[in-house]
Amino acid sequence: MDHEKLLDRRGFFKKSGLLAIAAAIGSEVPFLKNLSGGLIPVAMAAPTMEDLKIHGKNLQLVVLGDKPIVAETPPHLLDSEVTPSDLMFIRNNGLVPTNIDASTWTLTIGGDAVPNSPARASESTKKTVTFTIAELKSKFKNYTSNLLIECGGNGRSEFNPPAKGNQWTMGGVGCPTWTGVRLKDVLESVGYEKDAVYIGYYGADPHVSGDASKVPISRGVPLQKALEADGLIAWEMNGAPLPLMNGYPLRLVIPGYPASVSGKWLNRIVVRNKVHDGPKMVDDYRNPCTPVEPASDVPGSNMCVIEQMPIKSLVTFPASGAKFNFGQKVEVRGNAWSGIGDVKEVFVSIDFGATWMKTMLKKPKNKFAWQRFSANLEFPSKGYYEVWARAVDKKGVSQPMVIPGWNPKGYLNNATHRIAIKIV
Ligand SMILES: Nc1nc2c(c(=O)[nH]1)N[C@H]1C(S)=C(S)[C@@H](COP(=O)(O)O)O[C@H]1N2
Ligand SMILES: [Mo]
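The text that follows walks through the structure, step by step, so that each part is easy to find. Nothing here was measured: the structure is a model prediction, and the numbers come from that model.

**Quick look at the overall build of the chain**
Piece 1. When its secondary structure is counted, the chain shows five helices and 26 strands.
Piece 2. For the chain, buried positions account for 53% of its 424 residues.
Piece 3. Put simply, of all contacts in the chain between residues at least 6 apart along the chain, 71% involve residues at least 24 apart.
Piece 4. Working note: accessible area of the chain is about 18800 Å², and carbon and sulfur atoms make up 54% of it.

**So, empty space enclosed by the protein**
Piece 1. This structure, assessed with the given rule, holds two cavities of 30 Å³ or more.
Piece 2. Quantified by volume, the largest cavity comes out at close to 250 Å³.
Piece 3. What lines the largest cavity is a set of 22 residues, and nearest its centre among them are R91, R251, A259, S262 and K264.
Piece 4. Elements that contribute at least two residues to the lining of the largest cavity include exactly β3 (90-91) and β10 (198-203).
Piece 5. Its residues assigned to classes, the lining of the largest cavity shows 11 nonpolar, seven polar and four charged.

**Observations regarding the packing of aromatic side chains**
Piece 1. For the coordinates displayed, the defined rule picks out six aromatic pairs.
Piece 2. Aromatic side chains Y285 and Y411 sit 5.3 Å apart centroid to centroid with 25° between the ring planes, which places their arrangement in the stacked category. Here Y285, found in the loop between β15 (266-272) and β16 (286-288), pairs with Y411, found in the loop between β25 (383-392) and β26 (417-423); they are 126 residues apart in sequence, far enough to count as distant.
Piece 3. Here the aromatic rings of W337 and W370 are separated by 5.6 Å at their centres, their planes lie at 45°, and the arrangement is tilted.

**Regarding the pairing of strand β2 (residues 69-72)**
Piece 1. Side chains I69 and A71 of β2 all project onto a buried face; the interleaved residues V70 and E72 project onto the opposite face, where all are buried too.
Piece 2. Two strands pair when backbone bridges link them, and strand β1 (residues 62-66) and β2 are joined in this way by four bridges, in the antiparallel orientation. Directly across from G65, in β2, lies its bridge partner V70.
Piece 3. Counting the residues between successive antiparallel strands, the hairpin from β1 to β2 contains two residues.
Piece 4. Where β2 lies against β3, two bridges are found, and the strand directions are antiparallel. Counterpart to A71 in the pairing with β3 is I90.

**As for the site of ligand 1**
Piece 1. In the vicinity of ligand 1, 20 residues are found, and the nearest of them are F89, N93, D205, R251 and K264.
Piece 2. F89 is positioned with one of its backbone polar atoms (N or O) 2.6 Å from an oxygen atom of ligand 1.
Piece 3. Between an oxygen atom of ligand 1 and a side-chain N or O atom of K264, the distance comes to 2.5 Å.
Piece 4. The protein chains hide 100% of the 530 Å² of surface that ligand 1 would expose on its own.

**Remarks on helix α4 (residues 183-190)**
Piece 1. Buried residues of α4: L183, V186, L187 and V190, and no others. The buried residues of α4 occupy one face: seen down the axis, they fall within an arc of 95°.
Piece 2. In the stretch just after α4, G191 is the one whose phi turns positive, near 90°.

**Observations regarding the sheet that holds strand β20 (residues 330-337)**
Piece 1. Here four strands make up an open sheet; going across it, the order is β18-β20-β24-β23 and the pairing antiparallel. Lying at the two open borders of the sheet, with one neighbouring strand each, are β18 (312-317) and β23 (360-361).
Piece 2. The pairing of β18 with β20 spans five bridges and is antiparallel. From the neighbouring strand, V315 faces β20, where its bridge partner is G334.

**Quick look at the sheet that holds β1**
Piece 1. Read across the open sheet, the three strands follow the order β1-β2-β3; overall the sheet is antiparallel. Every other strand in the sheet has two partners, leaving β1 and β3 as the edge strands with one partner each.

**As for the pattern of salt bridges**
Piece 1. The final tally for this structure, using the stated rule, is 13 salt bridges.
Piece 2. Note that E81 is salt-bridged to K362, the shortest N-O span being 3.6 Å. Of this pair, E81 sits in the loop between β2 and β3 while K362 sits in the loop between β23 and β24 (371-377), and the two are 281 residues apart along the sequence.
Piece 3. Overall, E81 belongs to the buried group, its relative accessible area being 17%.
Piece 4. A salt bridge links D277 to R272, with the shortest nitrogen-to-oxygen separation between them at 2.9 Å.
Piece 5. By relative accessible area, D277 is classed as partly exposed at 25%.
Piece 6. According to the relative accessible area criterion, R272 is buried, its value standing at 0%.
Piece 7. Through salt bridges with shared partners, a single ionic network connects D79, E331, R333 and R372.

Parameters and conventions
Residues numbered from 1 in each chain as written. Chains lettered and ligands numbered in written order. Predicted model: local features only at pLDDT ≥ 70, side-chain atom pairs only at ≥ 80, totals over all residues. Heavy atoms only, no water. Helix = DSSP H or I, 4+ residues; strand = E, 2+ residues; numbered from the N terminus. Buried < 20%, exposed > 50% of the residue type's maximum accessible area, 1.4 Å probe, protein only. Contact = heavy atoms within 4.5 Å. Areas by Shrake-Rupley, 256 points an atom, 1.4 Å probe, with all protein chains shown as cover. 1 Å grid on protein atoms, 1.4 Å probe; cavity = no way out; pocket = protein on both sides within 12 Å on 5 of 7 lines; lining within 4 Å. Points joined across faces, edges and corners; volume = space filled by probe spheres on them. Nonpolar A, V, L, I, M, F, W, Y, C, P; charged D, E, K, R; others polar. Phe/Tyr/Trp six-rings, centres within 6.5 Å; stacked < 30°, edge-to-face > 60°. Pairing = 2+ DSSP bridges. Near = heavy atom within 4 Å. Polar contact = N/O pair within 3.5 Å; in protein donor to acceptor, adjacent residues only side chain to side chain. Arc of directions from axis to C-beta. Salt bridge = Lys/Arg side-chain N within 4 Å of Asp/Glu carboxyl O.

Structure below.
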């Protein structure tokens, strides 16, 4: 660790105080005052591959950041209709909460229990209602569905000039099965005022600074979106309790929008009479309202909240770099999805986009699940080929073959996925 960082952490240690550190760790640290010389509790240090192991995650996930932990799934491991839990990507903005007791966990709708919440001043629920997970399970109809979530920054690494942030390649996306109750049913049972226009979530993950008064992320969606039938308050992934890294014991799953609206470790939902303004609503997950020149400095007034995610696809077989014998037919497979909920057609090309072949496209298991596509490819000679995939939605909107509109934070890159193969 270099000297400057050491000083930084010492500074943090002095400023934030014992209580904040205890809050970040999730328990009291009896000998904390003896810890000096720039040391910080190991529990607050950067998580590593070791954490993936501890949390039952597949060690082939690629760690993009370790404080907080961010890991993506290589495309060839997403070669199934239902994403296995150990392969579901991880995007944390804060620390992973500790000492969770699912039996006493509560979800509060409305109310002002969150310290320093900007939501306190203008909430729009009729009342404050608190549910345990057992109450959610018994009071509302339970649903199980396959819902895809994709980080808004997925594909960021390809933007030029580069955008700061996690350098996602293609793997900030997954489509497991979720079980929970409809967000809509819960909101409607609690009731909201006529001026309600937005919801926001809060989760239990502490801020990386250890400052207990700060929240790492609190985003939301327009009330209209929250009242659609698809969004869930979920406690299960693939028939088992949520993995801790993916929000155990309770999270939102709101498909079609950037995954950042699907709040993990969910303990509170606020109904707002204005656009929710929690952390990462105002400065992040916004794109230029009108297209801008690459590298331009876009004023905040021309940055709009990202809502619907674009149409996209991923080649999941073969893995990029695979070799096949000349004369052998190659079955290419993949997944396609869109923020409007379905995909009409997927095409593949082996000649750098000169000609396209229509693939077999399966129907989605349910709205907002990704759809499997496949095609049998024959290659005219030995050599280097690329397989490109391009999905089209029912309105005729296609994935672009080049990187779409440059934007300062590198969101929504839905360019065609390209894999390299050799015919030998
Ligand atoms: N409480 C909380 N919810 C959160 C986040 C977070 O850091 N804290 N990250 C968000 C972001 S940016 C994404 S992309 C998704 C990632 O979900 P996953 O880690 O389960 O894949 O969770 C969202 N919900
Ligand atoms: Mo994200």
